[in-house]
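Observations on the three-dimensional arrangement
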Amino acid sequence: MTKERAARHCGSGGGEQWESSVMGDGDLERIAELLAGRNAIDGEIAAIIQRPMTAGHLGEWIASLIFDIELEESATNTAFDGRFRVGPLQGRTVNVKWYLKQEGVLDTSSSATLDYYLVLTGPRSAAGPSRGGTRPWCVRAVYLFDARRLHDEQDARGVRTGTASSVLRRQWDEAEIYPRNCNPLLRVSPHQVELLELLTG
């Protein structure tokens, strides 16, 4: 096995580049050991949530327990993931997202059947190169967006709907329900706060 890893370049359109670095056989062996351990942990989580271990599936499972959401039978439902069972939002549809960093973007939909986005995020971070960084599995903040209002505001700004759609800092602040309860649409109970604090990492 070669000791030198060649630099890998993204296309001319931009993106991150891998710098040349020396990688020994021991590094790959250690990675293989760590992956085996991670696969075992992921398998245990999958057995509990009854879905493959991904941020999407686990985020939906966590949200369903803490915020009393009845998830759809099919995990491939395109517009929303479930409905609130109780409280002021009872019966309303919700799309759950879990982003391991809060980078100011949100995957959005223009579906008329979607009422709310419930967004769990890790630590706040500016978009940029990931070299030397981590994406810890934790929840540091939770946001609730009115889907129609957000769509109208983005449309007025000329922001496209879809993957990594831009959301203003002001909009995030107004939508926050944890740790600051700034959003009157949903008040987080002390018990829900206790449960969320288990996930702060």
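What comes next is a walk through the structure. In this text the structure is predicted, and so the values were computed from the model without any measurement.

So, on to the nonpolar core. One recurring pattern in soluble globular proteins: nonpolar side chains tend to sit buried together. Formed by 26 residues in total, the largest nonpolar core has its most connected members in Phe67, Leu118 and Val142. If you list the elements that add at least two residues to this core, you get α2 (55–66), β5 (93–99), β7 (116–121), β8 (141–146) and β10 (176–178). Looking at which element gives the most residues to this core, the answer is α2, with 5 residues. With residues near it in sequence (within four places) discarded, Phe67 still touches Phe84, Leu118, Val142, Ile177, Leu186, Val188, Gln192 and Leu196. Among the nonpolar cores identified, the runner-up in size contains 15 residues, and Leu106, Val119, Ala141 and Ala175 belong to it.

On to the pattern of salt bridges. Evaluation of the coordinates by the stated rule reveals 13 salt bridges. Between Asp173 and Arg169 there is a salt bridge, with the nearest N and O atoms lying 3.6 Å from each other. Of this pair, Asp173 and Arg169 both sit in helix α4 (residues 169–175), 4 residues apart, which is roughly one turn of that helix. Within this structure, Arg124, Arg169, Asp173, Glu176 and Arg180 form a network of salt bridges that share partners.

With that out of the way, let us pick up the packing of helix α1 (residues 25–49) against α2. In a packed pair of helices, the relevant descriptors are the angle between the two axes and the axis-to-axis distance. Packing of α1 against α2 leaves a shortest axis separation of 11 Å and a crossing angle of 45°. Taken together, the axis directions place α1 and α2 in an arrangement best described as oblique. Crossing handedness for the pair α1 and α2: left-handed. Contacts from Ile45, Ile48 and Ile49 of α1 reach α2 at His57, Leu58 and Trp61.

On to unusual backbone geometry, then. The peptide bond linking Tyr178 to Pro179 adopts the cis configuration, its omega dihedral lying at 0°. Along the chain, Pro179 turns up in the loop between β10 and α5 (190–197). For Gln50, which is not a glycine, the phi torsion comes out positive at approximately 60°. Structurally, Gln50 can be placed in the loop between α1 and α2. The exposure class of Gln50 is exposed, given its relative accessible area of 62%. Of note in this structure, Ala164 is not a glycine but carries a positive phi near 55°. For Ala164, the location among the structural elements is in the loop between α3 (147–157) and β9 (165–166).

Basis of the calculations
- Residues numbered from 1 in each chain as written.
- Predicted model: local features only at pLDDT ≥ 70, side-chain atom pairs only at ≥ 80, totals over all residues.
- Heavy atoms only, no water.
- Core = buried A, V, L, I, M, F, W, Y, C linked by side-chain atoms within 4.5 Å.
- Buried < 20%, exposed > 50% of the residue type's maximum accessible area, 1.4 Å probe, protein only.
- Helix = DSSP H or I, 4+ residues; strand = E, 2+ residues; numbered from the N terminus.
- Contact = heavy atoms within 4.5 Å.
- Salt bridge = Lys/Arg side-chain N within 4 Å of Asp/Glu carboxyl O.
- Axes fitted to C-alpha atoms, helices over the stretch in contact; angles between N-to-C directions.
- Parallel < 35°, antiparallel > 145°, perpendicular 65-115°, else oblique.
- Left-handed = near helix turned anticlockwise from the far one by under 90°.

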